[in-house]
Amino acid sequence: MNSQKESKEITIKYFSDEIEKLTYIGGKSDWIDLRAAKEVSLKQGEFALIPLGIAMKLPEGYEAHVVPRSSTFKNFGIIQTNSMGVIDETYSGDNDQWFMPALAMRDTVIHVNDRICQFRIMEHQPTIQFTEVSKLEGPDRGGHGSTGKA
């Protein structure tokens, strides 16, 4: 992790006193864990929006990327239905609580304060201009699924 990066201040509202406050674990990862703010019981095949108990005002020009933790499926048997959630800085109202859209692959219970996903903030992508060409000059790797072949 690059300790030379500029620090950003984010205002946060908690919707629950039962979840631990967000903490940044310096030196380990620049992802921050998010916790379930409500107990949710799901049967296999059921969908739920799991409240994460927070809302934030992100810095102008930034967005949050929300993804499952590496242990989420193993521990809870859920998958995040949108694969990765993107929350931009305009989702910042007093009632704009963050949620994880989850599909249960087996019967499960997620308890209050369970760490189920994580986020990081990223600058918005710059404006891109596409230039059409008839041939790309990079080396040809062999197409989709070609890496890792002996």
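Structural data are supplied above this passage.
If you're wondering where the values come from, they're calculated on a predicted model, not measured in any experiment. (Residues numbered from 1 in each chain as written. Predicted model: local features only at pLDDT ≥ 70, side-chain atom pairs only at ≥ 80, totals over all residues. Heavy atoms only, no water.)

Structural notes on the overall build of the chain
Then, in step 1: Within the chain, the regular secondary structure consists of 1 helix and 11 strands.
Then, in step 2: When the helices and strands of the chain are listed from N to C terminus, the series reads β-β-β-β-β-β-α-β-β-β-β-β.
Then, in step 3: Compactness check: the chain gives a C-alpha radius of gyration of 19 Å against a globular reference of 15 Å for 150 residues, more than 25% above the reference.
Then, in step 4: When its C-alpha atoms are laid out on the principal axes, the chain stretches across 55 × 40 × 30 Å.
Then, in step 5: The burial tally for the chain puts 34% of its 150 residues in the buried class.
Then, in step 6: As presented, the chain carries roughly 10400 Å² of accessible surface, and 49% of it is formed by carbon and sulfur atoms. (Helix = DSSP H or I, 4+ residues; strand = E, 2+ residues; numbered from the N terminus. Rg over C-alpha atoms; globule rule 2.2 N^0.38 Å. Buried < 20%, exposed > 50% of the residue type's maximum accessible area, 1.4 Å probe, protein only. Areas by Shrake-Rupley, 256 points an atom, 1.4 Å probe, with all protein chains shown as cover.)

Some words on unusual backbone geometry
Then, in step 1: Phi is positive for Ser83, which is not a glycine, with a value near 60°.
Then, in step 2: Examined against the element boundaries, Ser83 turns out to sit in the loop between β7 (78-80) and β8 (85-88).
Then, in step 3: Unusually for a residue other than glycine, Asn113 sits at a positive phi of about 85°.
Then, in step 4: Counting through the fold element by element, Asn113 comes out in the loop between β10 (108-110) and β11 (115-123).

Comments concerning the packing of aromatic side chains
Centre-to-centre distance and the angle between the planes together describe a pair of aromatic rings.
Then, in step 1: Taken as a whole, this structure holds 1 aromatic pair when the rule is applied.
Then, in step 2: Where Trp98 meets Phe119, the ring centres are 5.3 Å apart and the plane angle is 85°; that geometry is what we call edge-to-face. Taken as a pair, Trp98 in the loop between β8 and β9 (99-104) and Phe119 in strand β11 lie far apart in primary sequence, 21 residues in all. Judged on exposure class, the residue Trp98 and its partner Phe119 are both buried. (Phe/Tyr/Trp six-rings, centres within 6.5 Å; stacked < 30°, edge-to-face > 60°.)

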